[in-house]
Amino acid sequence: MEERNKSLEYKSSSSEITRQINVGPCVQTFFSEQHQTSREYEEEESESSYQGRLTRDERLVVDMKIPLTVVEIIHKPMEEFNDLRSSHAVTEEQMNICRDIRRRGKNKIAAQNCRKRKIEQISGLENDLSLAKLKKEKILGERVELLRQQQ
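To keep things clear, this report deals only with the structure shown in the data block. (Residues numbered from 1 in each chain as written. Predicted model: local features only at pLDDT ≥ 70, side-chain atom pairs only at ≥ 80, totals over all residues. Heavy atoms only, no water.)

### Observations concerning the overall build of the chain
The criterion, for reference: Put simply, DSSP marks the helices as runs of H or I at least four residues long and the strands as runs of E at least two long, and each gets a number from the N terminus on. The cut-offs for exposure are 20% and 50% of the maximum accessible area for each residue type, with area from a 1.4 Å probe on protein chains only; residues under the lower value are buried, those over the upper are exposed, and the others partly exposed. Here a residue-residue contact requires only that any non-hydrogen atoms of the pair lie within 4.5 Å.
When helices and strands are tallied, the chain shows 6 helices and 2 strands. The helix and strand sequence of the chain, counted from the amino end, reads β-β-α-α-α-α-α-α. Burial statistics for the chain: of 151 residues in total, 26% are counted as buried. When contacts within the chain are restricted to residue pairs at least 6 apart in sequence, those whose partners lie at least 24 apart make up 53%.

### Examining the nonpolar core
Stated formally: Throughout, nonpolar core names a set of buried Ala, Val, Leu, Ile, Met, Phe, Trp, Tyr and Cys residues whose side chains join them through atoms within 4.5 Å.
Formed by 14 residues in total, the largest nonpolar core has its most connected members in Val61, Ile66, Ile73, Phe81, Leu84, Cys98 and Ile101. Elements with a contribution of two residues or more to this core: α3 (70-75) and α6 (92-150). It is α6 that provides the largest number of residues to this core, a total of 5 residues. Leave out the neighbours within four places in its chain, and Ile73 touches Val61, Ile66, Leu68, Phe81, Cys98, Ile101 and Arg102.

### So, unusual backbone geometry
One non-glycine residue with positive phi stands out, namely Lys65, at about 55°. By secondary structure assignment, the location of Lys65 is in the loop between α2 (56-63) and α3.

### Quick word on the packing of α2 against α6
The condition is simple: Inter-axis angles, ranging from 0 to 180 degrees, are taken between N-to-C directions of lines fitted to C-alpha atoms, where helices are fitted over the stretch in contact. An angle below 35 degrees is treated as roughly parallel, one above 145 as roughly antiparallel, one from 65 to 115 as roughly perpendicular, and anything else as oblique. By convention the crossing between two helices is left-handed if the near helix lies anticlockwise of the far one by an angle smaller than a right angle, and right-handed if it lies clockwise.
Running from amino to carboxyl end, α2 crosses α6 at an angle of 160°, the nearest separation of the two axes being 11 Å. Judged by the angle between their axes, α2 and α6 are roughly antiparallel. Classified by chirality, the crossing of α6 by α2 is left-handed. For the pair formed by α2 and α6, the contact residues are Arg56, Asp57, Leu60 and Val61 on the first element and Ile97, Ile101 and Arg104 on the second.

### So, the pattern of salt bridges
Basically, it comes down to this: The salt bridge definition used is simple: a Lys or Arg side-chain nitrogen within 4 Å of an Asp or Glu carboxyl oxygen.
Tallying each qualifying case throughout the model produces 5 salt bridges. Ionic pairing is found between Lys76 and Glu80, a salt bridge with its closest N-O pair at 3.5 Å. Exposure remark for Lys76: the relative accessible area of 16% places this residue in the buried category. The exposure class of Glu80 is partly exposed, given its relative accessible area of 41%. In this structure, Arg148 engages Glu145 in a salt bridge whose closest nitrogen and oxygen atoms are separated by 3.7 Å. Placement of both Arg148 and Glu145 in helix α6 is noted, with a separation of 3 residues, approximately one turn of the helix. Using a relative accessible area of 59% as the deciding quantity, one classes Arg148 as exposed.

### Some details on the side chain of Arg102
This is how it is decided: His residues and chain termini do not enter the charge count, which takes Lys and Arg as positive and Asp and Glu as negative. Here a polar contact means two N or O atoms within 3.5 Å. Within protein one must be a hydrogen donor candidate and the other an acceptor candidate, and residues neighboring in sequence count only if both atoms are side-chain atoms.
Checked against the element boundaries, Arg102 lands in helix α6. Although Arg102 is buried, it forms no salt bridge, and the closest oppositely charged side chain is Glu80 at an N-O distance of 8.6 Å. Among the polar contacts listed, one links the side chain of Arg102 to the backbone oxygen of Ile73, at a separation of 2.9 Å. Within polar-contact distance, the side chain of Arg102 engages the backbone oxygen of Lys76 at 2.8 Å. When sequence neighbours within four positions are dropped, the list of residues in contact with Arg102 reads Ile73, Ile74, His75, Lys76, Pro77, Met78 and Phe81.

Right, here's the structure in full:
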């Protein structure tokens, strides 16, 4: 458990780009206030990094010497993301890889949200079902009572 509170750091050999991935239980970034799911994404990302392995997208970022982290690529507003070419020296190939990383990241977040909505919907339906069963029992009880009174 002590190792979980450390950070993993890796460097790209030629451009000396340094990335840090927090492996502690309280992973937060600048984007966590703007995007509710970025914290969850980073926690999952850090768990894979905790095991000493980089995700496919992290490897791509390092190998292609992209000057942003995976989380930044995914959670930047579209306008800022489109300005990457002018603000950083990013090639067309790097930009295409950033688009792929962003698409996969957004899709992952959308899938997580979809699963959450599905679970919430099932829970709501289960609650409705239990309320309907209680109502049915109450009505049947009232019916039995009315039949007794009638006789």
